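# Structural features, examined
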Amino acid sequence: MRLRRVHILVEGVVQGVGFRPFVYRHAVRLGLAGSVLNSSGCVEVEVEGHDGPIQSLIGVLRAGPRNAQVRSLTVRERPATGESAFLVVESRTSSGGEGTISPDGATCERCLAEMTDPSDRRHDHPFINCTDCGPRFSVIESLPYDRTRTTMREFEMCPDCGREYEDPANRRFHAEATACPDCGPTLSLLSAAGSVLSTSMEAIEQARQMLLTGRILAIKGIGGFHLACDATRHDAVATLRRLKPRPDRPMAVMCRDVAAARQQCLISETEERLLCGPQRPIVLLERRPVQADGWPALSPAVAHRNGPLGVILPYTPVHHVLLAPQRPAWLVMTSGNPSGEPICTEIAEAMSALGGIADGFLDHDRRISNRCDDSVAMVSCGRVAVTRRSRGFVPLPVRLDRRVEPTLALGAMLSNTIAVARDRRACLSQHIGDVDNRATLSFMRETIDRFCQLTGVDPVIVAHDLHPDLESTRLAHELSTGRRRVAVQHHHAHLVAAMTAEGIAEQVQGLVLDGTGYGTDGTIWGCELLVGSASGCERAGHLRPLPLPGGEAAIRRPLRTAAAYLHVLVPGAASAPLGLWRRVSRSELEIVRRLVDRGFNTPMTSSAGRLFDAVSSLLGVCDDVTYEGQAAIELENLASTCPTGRAAPLRLRSTFLADRIMLDPAPLMAGIVTGLIEGEDPACLAAGFHQALADALTAACRSVHEAGGPDTVVLCGGAFQNRILTRMTSLGLERAGLHPVTPGPIPINDGGLALGQIMIAHEAIHGRRPAME
Ligand code: ZN
Ligand code: ZN
Ligand code: FE
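Throughout what follows, the structure given in this document is the object of discussion.

Each value, and the rule that gives it
Position labels on residues start from 1 in each chain and follow its written sequence. The order in which chains are written sets their letters, starting at A; the order in which ligands are written sets their numbers, starting at 1. Totals for whole chains, interfaces and linings use every residue, but because this is a predicted model, local features are given only for residues with pLDDT of at least 70 and side-chain atom pairs only at 80 or more, for both listing and counting. Note that the side-chain values use all heavy atoms of the structure and ignore hydrogens as well as water. Any nitrogen, oxygen or sulfur atom within 2.8 Å of a metal ion counts as a donor, with the limit raised to 3.2 Å for Na, K and Ca, and since water is left out, coordination shells can look unfinished. Only two sets of limits are used to name each site, 85 to 135 degrees for every angle of a tetrahedral four-donor site, and over 155 degrees for opposite donors with all other angles from 65 to 115 for a square planar four-donor or octahedral six-donor site, with any other site named irregular. In this text, helices come from DSSP runs of H or I with a minimum length of four residues, and strands from runs of E with a minimum of two, each type numbered from the N-terminal end. Think of it in three bands: residues with accessible area under 20% of the maximum for their type are buried, residues over 50% are exposed, and the middle band is partly exposed, with areas taken using a 1.4 Å probe on protein chains only. Salt bridge, as used here, is a side-chain nitrogen of Lys or Arg placed within 4 Å of a carboxyl oxygen of Asp or Glu. Only strands that DSSP links by at least two bridges are regarded as paired with each other. Fitted lines through C-alpha atoms give the axes, limited to the stretch in contact for helices. The angle between two N-to-C directions lies from 0 to 180 degrees. Contact definition: two residues touch when any of their heavy atoms are within 4.5 Å. The pairing test for Phe, Tyr and Trp rings, Trp by its six-membered ring, is centres within 6.5 Å, and the orientation test on the planes gives stacked under 30 degrees, edge-to-face over 60, and tilted for anything in between. Should an angle lie under 35 degrees it is considered roughly parallel, over 145 roughly antiparallel, and from 65 to 115 roughly perpendicular; all remaining angles are considered oblique. Residue polarity is assigned by list, with Asp, Glu, Lys and Arg as charged and Ala, Val, Leu, Ile, Met, Phe, Trp, Tyr, Cys and Pro as nonpolar; anything else, Gly included, falls into the polar class.

In this section: the coordination of the zinc ion (ligand 1). Think of it this way: four donors in a tetrahedron around the metal ideally sit 109.5 degrees apart, and six in an octahedron ideally sit 90 or 180 degrees apart. Bound to the zinc ion (ligand 1) on the protein side are Cys 108 (SG), Cys 111 (SG), Cys 130 (SG) and Cys 133 (SG), at distances that span 2.3 to 2.4 Å. Geometry at the zinc ion (ligand 1) is tetrahedral, judged from the 4 donor atoms that bind it and their angles of 103 to 119° at the metal. Read in sequence order, the donor residues coordinating the zinc ion (ligand 1) give the pattern C-x2-C-x18-C-x2-C. Within this pair, whereas Cys 108 is found in the loop between β5 (86-88) and α3 (109-115), its partner Cys 133 is found in the loop between α3 and α4 (159-166), the two being separated by 25 residues in sequence. For the pair Cys 108 and Cys 133, a shared accessibility class is recorded, and that class is buried.

Our next topic: the pattern of salt bridges. Under the criterion given, the structure shown has 39 salt bridges. Taking the shortest distance from any N to any O, the salt bridge between Asp 51 and Arg 4 comes out at 2.4 Å. Note that Asp 51 is positioned in helix α2 (residues 51-63) and Arg 4 in strand β1 (residues 4-13), a separation of 47 residues in sequence. Residue class for Asp 51 comes out partly exposed when judged on its relative accessible area of 34%. With its nearest N and O atoms 2.7 Å apart, the salt bridge here joins Arg 262 to Glu 272. Pair noted here: Arg 262 is in helix α7 (residues 258-264) and Glu 272 is in helix α8 (residues 269-276), with a separation of 10 residues, a long-range link. Glu 272 gets classed as partly exposed once you look at its relative accessible area, which sits at 29%. Salt bridges sharing partners connect three or more residues here, namely Arg 5, Glu 46, Glu 48, Arg 78 and Glu 83.

The next thing to look at is the sheet that holds strand β3 (residues 42-49). On the basis of which strands lie adjacent, the open sheet formed by 5 strands has the order β4-β1-β3-β2-β5 and mixed pairing. Each having just a single partner strand, β4 (69-78) and β5 make up the two edges of the open sheet. Averaged over all pairs of adjacent strands, the angle between their axes in this sheet comes to 15°, without regard to strand direction. Here 9 bridges tie β1 to β4, and the two strands are oriented antiparallel to one another. From the neighbouring strand, Val 10 faces β4, where its bridge partner is Leu 73. Each of β1, β2 (33-39), β3, β4 and β5 is contacted by helix α1 (residues 19-29), which is oriented at about 175° to β5, the strand it contacts most.

For the structure on display, the rule yields 4 aromatic pairs. Note on Phe 19 and Phe 22: the rings are 5.9 Å apart at their centroids and 65° apart in plane angle, and the pair reads as edge-to-face. Remark: Phe 22 and Phe 19 occur in helix α1; sequence separation between them is 3 residues, near one turn of the helix. Using a relative accessible area of 2% as the deciding quantity, one classes Phe 19 as buried.

Attention now goes to the coordination of the zinc ion (ligand 2). Surrounding the zinc ion (ligand 2) are the protein donor atoms Cys 158 (SG), Cys 161 (SG), Cys 180 (SG) and Cys 183 (SG), which sit 2.2 to 2.3 Å from the metal. With 4 donor atoms in place around the zinc ion (ligand 2) and angles of 104 to 118° between them, the coordination shape is tetrahedral. Summarised as a motif, the one-chain spacing of the donors to the zinc ion (ligand 2) is C-x2-C-x18-C-x2-C.

The next subject is the packing of helix α13 (residues 490-502) against helix α23 (residues 753-766). To describe two helices that pack against each other, one gives the angle between their axes and the distance between the axes. Relative orientation of the contacting elements α13 and α23 amounts to 95°, with a least axis distance of 7 Å. Regarding the angle of α13 to α23, the classification is roughly perpendicular. The segment α13 lies against α23, with His 490, His 492, Ala 493, His 494, Val 496, Ala 497, Thr 500 and Ala 501 engaging Leu 753, Leu 755, Gly 756, Gln 757, Met 759 and Ile 760. Considered class by class, the residues forming the contact of α13 with α23 number 8 nonpolar, 6 polar and no charged.

Structural data, given as structure tokens:
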């Protein structure tokens with residue numbers, strides 16, 4: 001049989017993921033000669049041998065190793081040379097390509113097997129990793145990616161680790177973060193006062209005992225500290241909530257594996273894959289109506305009983321060891337940060353910020369170079385929707401459908417991320433947080449510098465939110481000296497971010513529902529039907545603008561919004577026997593009504609979030625919020641308990657203005673008031689509200705389509721993290737013959753905005769039409 005030689009160019013996320021040893025192992029196994037090398041972000045393979053083995057190798061390459069994402073394989077024939085060995089060739093260049101920096105990956109199966117094997121030299125090693133798993137982004141300081149430019153440079157490799165590192169047949173060939181008990185980082189348990197109690201495995205065992213006795217521990221992980229406690233101990237969970245303070249927001253829990261997670265939650269196949277994937281996000285799962293027998297019950301303080309449970313599986317060796325025995329079975333794992341500030345990464349920072357909360361610190365001496373919170377994801381309408389894209393995903397680039405100039409985008413304010421882009425790729429940063437305090441603002445500045453440096457982007461364009469008073473806008477002004485600055489309307493950015501994530505370039509309808517975004521008319525928008533693309537868009541519809549008495553004060557206290565909306569929309573409600581009136585003082589009510597009547601310090605808003613707030617308070621669900629979206633989330637939780645087919649019949653009124661549709665919630669609010677007076681179940685009213693909003697949105701999209709508008713409808717904005725609303729709206733759109741696009745891989749909340757800003761800024765400067773301003 002004739003020998004064949006081919007050159008294979010592999011593109012995608014192929015560097016820093018163990019691609020070369022992967023190719024080497026398979027080529028040698030298949031008896032092929034040739035070579036493999038990294039070049040400019042790609043992997044080049046040249047192999048010689050018989051056709052069958054070459055075909056097999058191509059098949060294997062198409063899948064790639066665990067963390068690779070192969071986008072394309074290009075195979076070219078070459079003349080055979082009679083070569084007989086297979087070599088791993090040193091890199092030509094090691095930076096500049098896509099996916100040069102990998103995200104952090106959860107401990108892989110093979111490392112776990114070694115770790116639990118008493119004869120292995122890495123038995124019980126809490127820092128075991130390989131080319132398939134372990135820290136990456138969180139330890140990298142600069143490029144190209146090798147040990148000397150990571151925080152692992154502080155640990156000199158021992159001869160054994162060095163041999164593995166040099167051996168192309170070894171799984172740890174060029175595993176930059178490789179470590180063993182002889183040369184790797186050390187774990188230590190510190191008391192609240194900072195004295196070392198124990199180290200290594202002893203530290204883990206002692207930490208476990210502390211957790212079992214109801215203590216709170218700060219545990220240093222991959223991207224920062226967690227605060228942990230036994231989730232089945234109500235005293236511990238309640239104490240953690242009180243001290244953090246985190247009065248209401250659900251907390252994530254960690255359990256050892258999917259089987260354990262099934263004791264509490266219903267888990268679909270897609271959810272199981274998401275839970276177990278190398279990104280290891282917190283996955284929001286539906287809880288079992290009745291918990292499986294024989295398992296300890298979670299403290300009710302972990303999360304609202306009717307809402308989803310955020311579950312995360314172990315992703316570092318320390319987590320695995322901590323949860324290996326039967327107890328504790330469930331750990332609360334909440335980020336270790338002072339309220340509203342970035343997650344702590346170093347022990348000194350943790351001791352000062354978390355000192356009053358934690359009874360001990362499980363620390364290690366591998367420095368965290370890039371702090372990175374846990375990611376959060378869920379399955380919505382059968383698709384994986386990432387709502388916080390951070391550890392495990394960042395800094396993987398997003399492919400763009402057009403070339404862009406070096407651009408920096410600063411996002412907005414809440415749950416912010418930044419993005420840098422050049423050519424055909426954009427990198428969204430990790431979760432930065434709410435940029436409304438000094439600490440988060442300085443983290444944002446650090447992140448901008450780090451991302452520009454890691455991606456080699458020296459921006460010529462700076463994009464930011466249209467809102468003039470945001471910290472990110474101020475920063476954009478500061479950073480735009482000598483650069484083009486483009487202000488981007490908030491909801492337009494939401495729409496284009498979702499379109500970019502989905503690879504949609506043509507005109508679409510966008511239903512953009514969120515809490516707050518600055519509109520082109522200076523009012524606050526938040527329930528918008530837009531028609532357009534990155535190159536521009538029109539406001540085809542929106543919710544009727546309603547007064548927000550006291551602005552921010554009403555956002556913190558939905559009861560005020562409820563009172564204001566009733567005052568304007570349902571005049572008769574003032575004398576109706578509503579529970580709401582019993583929960584508010586006469587004087588506060590007077591203030592609200594006076595603010596609304598005079599329009600003093602009372603902005604107008606078409607926000608979907610505020611409508612959810614008003615309904616939530618009116619139904620007695622939530623009068624005051626302690627975290628963003630709380631009233632809407634609790635309303636969704638209540639709606640989920642409504643038996644199928646029992647949703648109350650409610651509706652919004654569609655008014656056709658000269659150039660757009662306005663959705664008026666007056667009949668909806670009146671309907672809820674009547675329902676409450678007649679003793680209707682609040683759960684059925686909550687479900688009816690969701691259905692009414694979905695119906696009104698669907699009808700608006702249908703009429704835009706009938707008037708010649710596009711038939712694709714993109715659902716985005718934070719309000720579509722609401723799975724009931726998303727399901728009802730997309731079902732309605734489908735029935736109307738339209739094509740709904742539901743949430744996907746990029747956050748549809750403000751955490752994805754920067755991506756949209758990049759594309760819109762590009763079009764504003766290079767496109768034919770001006771952006772929406
Ligand atoms: Zn591994
Ligand atoms: Zn070693
Ligand atoms: Fe938004």
